[in-house]
Amino acid sequence: MEKTLIIAKPDALQRGLVGEIIRRLENKGLKLVGIKMLSLDSELLQEHYEEHLEKPFYAGLEKFMKASPVVLMAWEGYECVNSVRLLVGDTNPRKADAGTIRGDLSIGTGRNLIHASDSKSKGESEVKLFFDPSEIFEYDKAEYMHIYESHERE
Ligand code: IDP
Ligand code: MG
């Protein structure tokens, strides 16, 4: 099933919002398949944010992402990349819909609490970048029959 990478950024950790982020993803019915804490270094950040390296905000973004550890998570679910982007909200929290994580809980674009993969292929590659295969867990979730129709579970 589709996977997506979530990073609870340093501001989420500092503001005590890691649990709130997890709660929202759990409540959706998604399955947590990997979780760990890490201090990100420049090399990993430059690989992860490759598309933004030349942007004016990159230096600030890298500095911020190294300011304290982050919580990395791999989540799984049917078409979960798109679902999670909708739960996360617009990159600019002032434009993010009310009800979304960024819309409800943040204000600054450079302090928007959370990273979420933005395509199915990025979901796969980003999970691989941050997690060893041994850190990703396969297990049955008892409630799945109440969340999915059978064809969506495959
Ligand atoms: P996303 O996180 O919603 O996918 P991206 O455009 O991929 O947004 O940008 C990656 C991250 O870079 C954003 O989450 C945000 O932290 C930061 N960022 C993007 N644009 C700006 C900006 O204009 N000013 C400051 N930080 C920015
Ligand atoms: Mg992005």
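Everything numeric in this text was worked out from a predicted model, so none of it was measured.

A. Molecular detail of the side chain of Thr4. Among the secondary structure elements, Thr4 is positioned in strand β1 (residues 3-8). Relative accessible area serves as the criterion here: at 0%, Thr4 is assigned to the buried category. If we skip the residues at most four places from it in the chain, Thr4 touches Met73, Ala74, Trp75, Cys80, Val81, Val84, Ser117, Gly123 and Val127.

B. Structural view of the site of ligand 1. If you check the shell around ligand 1, you find Lys9, Tyr49, His52, Phe57, Leu61, Arg85, Thr91, Arg102, Thr109, Gly110 and Asn112 and nothing else. Note that an oxygen atom of ligand 1 is positioned 2.9 Å from one of the side-chain N or O atoms of Arg85. Taking Thr109, its main chain carries an N or O atom lying 3.4 Å from an oxygen atom of ligand 1. Protein coverage of the free-state accessible area of ligand 1, which is 530 Å², stands at 75%. Tallied by class, the residues present in the shell around ligand 1 amount to three nonpolar, five polar and three charged.

C. Seen up close, the environment of Gly110. With respect to the helices, strands and loops of the structure, Gly110 is situated in the loop between α6 (101-105) and β4 (114-116). Separated by 46 residues in the primary sequence, Gly110 and Phe64 place their C-alpha atoms 8.2 Å from one another.

D. Structural context of helix α5 (residues 80-88). Listing the buried residues of α5 in full gives Cys80, Val81, Ser83, Val84 and Val88. Angular distribution of buried residues about the axis of α5 spans 165 degrees; they occupy a single face of the element. In α5, the exposed positions that point more than 90 degrees away from the buried face belong to Asn82 and Leu86. Tucked into the core, α5 has its buried residues touching β1, α2 (18-28), β3 (70-76), α6, β4 and α7 (120-130). Backbone geometry just after α5 places Gly89 at a positive phi near 90 degrees.

E. Fine view of the pattern of salt bridges. Within the structure shown, the criterion is met by 11 salt bridges. As a salt-bridge pair, Lys66 and Glu62 come within 3.6 Å of each other at their nearest N and O atoms. With a relative accessible area of 12%, Glu62 lands in the buried category. Put simply, Lys122 and Asp118 hold a salt bridge, and the shortest N to O gap is 3.2 Å. Assessed through its relative accessible area of 24%, Lys122 is described here as partly exposed.

F. Structural view of the nonpolar core. Of all hydrophobic cores here, the largest spans 20 residues; its most connected members are Ile6, Ile21 and Met73. Those elements that place two or more of their residues in this core are β1, α2, β3, α5, α6 and β4. Among the elements that take part in this core, α2 stands out by supplying four residues, more than any other. In this structure Met73 touches Thr4, Leu5, Ile6, Ala8, Ile21, Ile22, Leu32, Gly34, Ile35 and Phe131, once residues within four positions along its chain are discounted. Core analysis: the next-biggest nonpolar cluster, separate from the first, contains 16 residues, Leu40, Tyr49, Leu61 and Phe131 among them.

Analysis parameters
- Residues numbered from 1 in each chain as written.
- Chains lettered and ligands numbered in written order.
- Predicted model: local features only at pLDDT ≥ 70, side-chain atom pairs only at ≥ 80, totals over all residues.
- Heavy atoms only, no water.
- Helix = DSSP H or I, 4+ residues; strand = E, 2+ residues; numbered from the N terminus.
- Buried < 20%, exposed > 50% of the residue type's maximum accessible area, 1.4 Å probe, protein only.
- Contact = heavy atoms within 4.5 Å.
- Near = heavy atom within 4 Å.
- Polar contact = N/O pair within 3.5 Å; in protein donor to acceptor, adjacent residues only side chain to side chain.
- Areas by Shrake-Rupley, 256 points an atom, 1.4 Å probe, with all protein chains shown as cover.
- Nonpolar A, V, L, I, M, F, W, Y, C, P; charged D, E, K, R; others polar.
- Arc of directions from axis to C-beta.
- Salt bridge = Lys/Arg side-chain N within 4 Å of Asp/Glu carboxyl O.
- Core = buried A, V, L, I, M, F, W, Y, C linked by side-chain atoms within 4.5 Å.

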